[in-house]
Amino acid sequence: MTKLDSTDSSTSGETPRRFRWPAFTIVAIAIIAIIAFFAGGFGGSFQGKLTEVQKNDNAAYLSSSAESTIVTNESSKFLTVETIPGFVLFHSDAPLTEQDKAAIAQARDAIAAVDGVDAEGMSQTQFSQDGTTASIFVPLVAKEDGTAVAGDVLAATEENVLTAAKNAAAGLEVLPAGPGGLLVAFIDAFAGLDGALLGAALLVVVLILLVVYRSPVLWFFPLFSALLALGLASMVIYFLAKAEVLTLTGQSQGILFVLVIGAGTDYALLLISRYREELHFYPSRFDAMVKAWKESAPAITASAVTVILGLLCLTFSELNSNKSLGPVAAIGIACTYLVMMTFLPVALSAAGRWVFWPRKPKVDEAADLTTHGLWGRIAAQVGSKDRPLWIGTTVLLAVLFLVGIGSLKTDGLSSSENFTNRPDAVVGQELYDSKFDPGAGAPAVIVTNADQTNAVIAAVSGVDGVSTDPGAVCPQVDVEKLSALVKSNPAAVASAAGQGCAPDFLTAAPIDGRMVVNATLADSYDSPEALETVKRLRDAAHAVPGADALVGGSTATTLDVQTASVHDRNLIIPIVLVVIFVVLALLLRALLTPIILIATVVLSFAATLGVCGLFFTHVFHFANADPAFPLFAFVFLVALGIDYNIFLMTRVREETEEHGTKSGVLRGLAVTGGVITSAGVVLAATFAVLGVLPLVFLAEVGFAVAFGVLLDTIIVRSILVPALSHDIGKKIWWPSALAKAKD
């Protein structure tokens, strides 16, 4: 199979030789394509089911070695039912009337009857000092008899609780609050993943592909292939998550959707671009596809392998959420690669040239693609001004980093700060904090050796940030005994509330020589002040001789998540860089080029962080960024950003072998410029769609990846890398033989 020379084969009388692959290779690809089609189509039904296997509570993010996880496991022995604390608030602008209070009492009875509520753990109604607000502690059953309650069931329970409360107290404002209400708000936010998010991503990709291809037909093939890949990935991940082989969070699912759509469209753009190019030289569309596949496969394979390996580096994480995000996203990329390299080429070549209508490529040996058009002119400028251009772009990236990095805050977000909107749970939490003891309902939980219980209580009671109210630091109550007393004498229990710790006969008995102590904090459980209090609590509890005390609870869990995020960032970023260097060195058969490519992408990442600091603080007015944000941004930006350099430099190497390094750099830039820019725009747009979900973390990651990919595509890959490579010349291929070839 040879390209036509200067004339069309139809006029020259020459018949191009056909490139014949072994029959088993062609049959294997066709069979895999058919399997991918049916598996992807069947797997599409699992996209909506992924929410059934999601875990979005902080505890699901932590490893079993985290202090708060150990405390949770020990303290659960003292409870027959594990719950998530929450409140239902009843509010009126004027003081509550006796009629209002009667309605609230009816609401409490109605809430206690809701399936999924731990009725025995509910508190008596509390009223604010100004008399305008009532609060009922309503714990939701999170785990019973060792079986965890699914997120969608928790959300339904909370909805039923609020419905029962509103029906009974129709004239009052009813709001959720506490960890339970905020967790359900998170679950509700992620409920839009397979609807609003996926729909917006697909719409954006369709519009971009229509502009890129200027064909009313061609866009369908890459988009349909991406949906098949998403269906296949969803099916695999669903069964793995259901078997608890990996943990699927809402964040992971959101990133999976946009990653598959974006990366799949990128791979398709590269393959279709080369296919269109080869159609100008081969009368047979099948020959053209074979050639296009053969030439595209190394770059696309290297890209997929790089991203997969980079994502799998997340398995070194302490956080279960990060540890599982790696495999989740890697499965998505693997399924995308499989579909795009089997089903898509088979479908395109079977369909024929008409899919490019109205710009069907002809066998005409048209103009040399490397010397004409916009990218040919850009390449010429890069070649004539290489040194000023790479120095100028380096300075620009450094300035972007320095200007904004001081504004980037990664100290973490409180639960209420995690939303870009104001769900009822956030409004309710703010109302609760202003009307009641903000630390109530979500105490710090301390487990200690039973014989040192009093010493631990004495040590932690004096810690700054622990409530000084009577009964703020007490041993665990025996829930069954308390429940029996409430049923037999509710008035006595109500009158004793707030008077101090429960009497000894209601205190839980030690289990395995261990005892639980609950310490109410003075601040809201998810506030920065509460996090600092837990640090001091741990110092005090750990210092008690012979206690072996550990501190957990909702606030401690948040603290452990943030601490683990910083650890993961410092550990995983260097590992990703080493992995990518090895892949690039093997692909390009050089050592200097990988160093240059990685350095440029890291510089681009630094510039992106600077821009994020400016926008997050001064434009979007986000309160903060999650400690995991830099790691997420790095993994996706470096792994995806290096893709475009792979696509460029593999073509540059191909051209260098025939034309020399300097000419090869310019020819590679000219011929890949359009398709790589289009791919970057598609990927940036799909990640930007994460902003559809009302969650600050995903909005931040979406903005960072979208801006960073555009920066990589337009500045780094189009100017910095080719200009620097052209200036250095053949030495970029050191130590391969190309370093000694013509420049």
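Just above sits the structure.
What counts, and where the lines are drawn
- Residues numbered from 1 in each chain as written.
- Predicted model: local features only at pLDDT ≥ 70, side-chain atom pairs only at ≥ 80, totals over all residues.
- Heavy atoms only, no water.
- Pairing = 2+ DSSP bridges.
- Helix = DSSP H or I, 4+ residues; strand = E, 2+ residues; numbered from the N terminus.
- Contact = heavy atoms within 4.5 Å.
- Axes fitted to C-alpha atoms, helices over the stretch in contact; angles between N-to-C directions.
- Left-handed = near helix turned anticlockwise from the far one by under 90°.
- Disulfide = S-S within 2.5 Å.
- Buried < 20%, exposed > 50% of the residue type's maximum accessible area, 1.4 Å probe, protein only.

This brings us to the sheet that holds strand β7 (residues 173–177). Ordered in space as β3-β4-β2-β7, the four strands form an open sheet in which the pairing is antiparallel. Across the chains shown, the open sheet's two edge strands, defined by having one partner strand only, are β3 (126–127) and β7. As paired elements, strand β2 (residues 87–91) and strand β4 (residues 133–137) share five bridges and run antiparallel to each other. The residue bridging Phe90 from the neighbouring strand is Ala134, located in β4. In the packing of helix α5 (residues 98–112) onto the sheet, the strands contacted are β2, β3 and β4, and the crossing angle to β2 comes to about 160 degrees. Packing against the sheet, helix α6 (residues 151–168) makes contact with β2 and β7, and its axis sits at approximately 155 degrees to β7.

When two helices pack together, their arrangement is given by the angle between their axes and by how far apart the axes lie. Two elements in contact, helix α22 (residues 629–659) and helix α24 (residues 696–728), have axes separated by 9 Å at closest approach and are oriented at 35 degrees. Where α22 crosses over α24, the two elements pack in a sense that is right-handed.

This next bit is on the sheet that holds strand β11 (residues 550–552). Pairing is antiparallel in the open sheet, where four strands are placed in the order β9-β10-β8-β11. Here the strands that pair on one side only, and so sit at the sheet edges, are β9 (473–475) and β11. Across the sheet, the axes of successive neighbouring strands diverge by a mean angle of 25 degrees, strand direction being ignored. Running at roughly 145 degrees to strand β8 (residues 444–449), helix α16 (residues 453–461) makes contact with β8, β9 and β10 (514–519) of the sheet. Sitting on the sheet, helix α19 (residues 528–542) is in contact with β8 and β11, with an inclination near 155 degrees to β11.

For the coordinates displayed, the defined rule picks out one disulfide. Across the disulfide from Cys474 sits Cys501; the S-S distance is 1.9 Å. With the S-S dihedral at roughly -85 degrees, the linkage between Cys474 and Cys501 falls on the left-handed side. Linking Cys474 in strand β9 with Cys501 in the loop between α18 (490–496) and β10, this pair joins segments that are 27 residues apart in sequence. For Cys474, a relative accessible area of 10% translates into the label buried.

With that out of the way, let us pick up unusual backbone geometry. Negative phi values dominate among residues other than glycine, just as trans dominates among peptide bonds. Of the consecutive residues Trp357 and Pro358, the connecting peptide bond is found in the cis state with omega at 10 degrees. Residue placement: Pro358 occurs in the loop between α12 (320–351) and α13 (373–384). Following Trp734, the chain continues to Pro735 via a peptide bond in cis, the omega torsion being 5 degrees. Mapped onto the secondary structure, Pro735 falls in the segment after α24.

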